[in-house]
Structure formats: structure tokens, C-alpha cells
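Examination of the molecular architecture
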Amino acid sequence: MTTSLTRTAPPERDPLTRNRAAVANRRRAGTAQIAMYVLLTVMALVWMFPLVWAVYNSFRDYDYVLLNGYLSVGGYTFRNYIDSWQIGGIPHYFFNSLIITVPSVLLILFFGSMAAFILARFSWKFNIFMLAVFIAGNLLPQQTLLTPLFRLYNAIPVPYWMSSSGSLYDSYWGLIIVHVAFQTGFCVFVLSNYMKTVPHELLEAATVDGASLFRQYWQVVMPLCRPALAALATLMVTWIYNDFFWALALMVSGDKLPVTTALQNLQGSFFTDTNLLAAGSVLVALPTVLVFVALQRHFVSGLTMGANK
């Protein structure tokens, strides 16, 4: 005797129950979304408060603040920016930072894009190893190399037209070299992954048309990597321009230091006008803000496309 097993369908819920469940789900989703917005708003305000506070006090007179307190309102003046520009010697140090930052960024993008093109264009067995070597350079703390680099820079002779010290120490060339050495690895890592997304058929067509390897790199791949290059240029300008450690460690001449060290001229031995220092900090940070605004469209596009690849 055999018994047939029949699968019974689950009882359907009535429309009223389904509507109640849908309303409850929407309420939970709405509550979670509101909580997320509140949390992000609070975090944004906490993150922006020091910057807004510094900008606000940079327009206030220090004597008025001492008399009435930092929470008072009034005492507004533009004199802090004029004094910081003149006393800090910011134009001269701006030019020093320009000498260091522009060549460093151009060399990093050039060498990094060339190495990334080779790693992305050819499928060699040691590609992963080479990429790991480039990445490893960024994992090593830079401060651990200060002592050997300091001794090495003093031991390498260069012509006096390159450095008044006769060595790489206390020269713009030394800072440019150290920035290129430390930042090229990150550039190779980003661009190699970006260049792998370029259709291989484009390079094959260029090869059939007789384009050399360098021409494929310069005229085919590089124009397609413009968003990634703009994003990297923005990051590199910010990192190198704001560098204080290597300039202080590998330079001794005060007139060669970058603009980040100009803020030291606004600090006294026994007294510091914090409002004047805030105005100088705003002036020093302004070029990086302008670079980001100029490259914002390409920067956001580069980050978005890199995330989708």
C-alpha cells in the first residue's frame, strides 16, 4: 500500500497583514536612514569645526579676543592676512614650494605611468612581484630611513651650481628625489590597475598601424588615463606641498625651505599671536584648495571609475 505525499502550499496572508508588514518595513528603513543622516551630519560638523574656527578667528584682532574672550563677537579685521603675508615672507616660501612640488609631481606621474604601462601591457611572470616591490616602498615608514638618507645625501657630491653645500644635502634636488622615490610606488599601483581596463584591441590596432611602444603609451593609453592622472596629481600636490618632515630634515638654509615652514616665522619665542598664525595657515592651505577645485571634476571621475573597475 502506497501513500502519496502532497506538498501543501503555505497559507496566503490576507492583504491587511501584508500592508501592515510593508508599512513596518518602511518605518524601519526610514528610521535607519534618518539615524544615518544625523550621524553623518554630526561627524561632518565635528570634522569641519576646527577649520571653520581657524578661518573665523583669522579675521579677528588678537587684542580684542584677549579682552573679550574667544566666544565673543566682534573685533573683525583683515590686518592678520596682510601681516602674515609680509612678516612670514609667504611669497618667497611659496616660490620655494613651487620649485619642489611641480617637478616632483611631473616626474612621479611620468615615471609611474611608464612603469604602470609596462606592467599592464605585458603579461610577464614577475609582474606581480614587481608590483609588490612598488607597493612595499609605501608600506615602509619614511622616518626609519632618515638616518641613512641623511648620511647618504651628505656623501653624494654634486656641482655647486646644483647645491651650495656641494652635496645633495640642503638642495632642492634632494627633496625632489626623495619625493619621487617615495610616491612613485603608489602611482604605479593605481595606474597599473587602471590601465588594465583599457581594451587590448586598441593596443593591437595601434601595433598593426605601426605605432611604436612609446607611441602607444603616449598617444593611446595616456589620454584614456586622464581622470586617474588628475586624481593622482591632486593627491601628490597635496602631499608634497604639505610636507614638513623631509624639508626640515634635509635642508639647513632657511631661505630654501618650503611654505609650510614659513609659519614658524609667525611664532615668537615667548608670545604667539594665534589669530595671526591662523591667517597664515589659511594662506598656506589656499593653493591646495585651488588645485582641488580646478581638478575636481577629473578627481571625482577618477575615483569613481577606479572604484568600478
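Up top is the structure.
What follows concerns the overall build of the protein. From N to C terminus, the protein includes 13 helices and zero strands. For the protein, the succession of helices and strands along the chain, N to C, is α-α-α-α-α-α-α-α-α-α-α-α-α. The proportion of buried residues among the 309 residues of the protein is 35%. Counting contacts in the protein only where the partners sit at least 6 residues apart, residues at least 24 apart contribute 69% of the total. Accessible surface computed for the protein: about 19,400 Å², of which carbon and sulfur atoms make up 69%.

Moving on, we come to the packing of helix H8 (residues 200–208) against helix H9 (residues 213–224). The contact between H8 and H9 brings their axes to 11 Å, and the two run at 155°. Taken as axis vectors, H8 and H9 run roughly antiparallel relative to one another. Viewed along their axes, H8 and H9 form a crossing whose handedness is right-handed. Touching Leu202, Leu203, Ala206 and Thr207 of H8 are Gln216, Val220, Val221 and Leu224, all from H9. Of the residues assigned to the contact of H8 with H9, the class counts are six nonpolar, two polar and no charged.

All chains considered together, the criterion is met by one salt bridge. When the shortest N-O distance is used, the salt bridge between Asp83 and Arg79 registers 3.0 Å. Of the two residues, Asp83 and Arg79 both sit in helix H3 (residues 79–87), four residues apart, roughly one turn of that helix.

Here we take up helix H10 (residues 226–241). End to end, H10 covers 22 Å across 16 residues, agreeing with the expected 22 Å (1.5 Å per residue, within 8%). Across the 16 residues that make up H10, a large majority, twelve, are buried. Within H10, burial applies to Pro227, Ala228, Leu229, Ala230, Ala231, Leu232, Ala233, Thr234, Met236, Val237, Ile240 and Tyr241.

Once that is clear, we can look at the packing of H9 against H10. Contact geometry of H9 with H10 gives a least axis separation of 5 Å together with a crossing angle of 70°. Taken together, the axes of H9 and H10 are roughly perpendicular relative to one another. Only Arg226, Pro227 and Leu229 of H10 make contact with H9, whose side of the interface consists of Met222, Pro223 and Leu224.

All right, on to unusual backbone geometry then. If you check the backbone angles, Asp170 has positive phi at about 60° while not being a glycine. The topology assignment puts Asp170 in the loop between helix H6 (146–155) and helix H7 (172–195).

What follows covers the nonpolar core. In terms of nonpolar packing, the biggest core is built from 53 residues, with Leu175, Val178, Leu191, Met195 and Val259 touching the most fellow members. Of all the elements in the fold, those that place two or more residues in this core are helix H4 (90–121), H6, H7, H9, H10, helix H11 (245–250) and helix H12 (274–294). Among the elements that take part in this core, H7 stands out by supplying ten residues, more than any other. Look past the residues within four positions of Val178 in its chain and what remains in contact with it is Leu149, Tyr153, Trp246 and Leu250.

It is worth spelling out the packing of aromatic side chains at this point. Tallied over the entire structure, the rule returns 16 aromatic pairs. For the ring pair Phe110 and Phe111, a centre distance of 5.6 Å and an interplane angle of 50° mean the geometry is tilted. Given a relative accessible area of 32%, Phe110 falls into the partly exposed group. The class for Phe111 is partly exposed, based on a relative accessible area of 41%. Between Phe245 and Trp246, the aromatic rings sit 5.0 Å apart at their centres with planes inclined by 70°, giving edge-to-face as the arrangement. The class for Phe245 is partly exposed, based on a relative accessible area of 29%. On the basis of relative accessible area, Trp246 is assigned to the buried category, the value being 1%.

What counts, and at which threshold
Residues numbered from 1 in each chain as written. Predicted model: local features only at pLDDT ≥ 70, side-chain atom pairs only at ≥ 80, totals over all residues. Heavy atoms only, no water. Helix = DSSP H or I, 4+ residues; strand = E, 2+ residues; numbered from the N terminus. Buried < 20%, exposed > 50% of the residue type's maximum accessible area, 1.4 Å probe, protein only. Contact = heavy atoms within 4.5 Å. Areas by Shrake-Rupley, 256 points an atom, 1.4 Å probe, with all protein chains shown as cover. Axes fitted to C-alpha atoms, helices over the stretch in contact; angles between N-to-C directions. Parallel < 35°, antiparallel > 145°, perpendicular 65-115°, else oblique. Left-handed = near helix turned anticlockwise from the far one by under 90°. Nonpolar A, V, L, I, M, F, W, Y, C, P; charged D, E, K, R; others polar. Salt bridge = Lys/Arg side-chain N within 4 Å of Asp/Glu carboxyl O. Expected span 1.5 Å × (residues − 1). Core = buried A, V, L, I, M, F, W, Y, C linked by side-chain atoms within 4.5 Å. Phe/Tyr/Trp six-rings, centres within 6.5 Å; stacked < 30°, edge-to-face > 60°.

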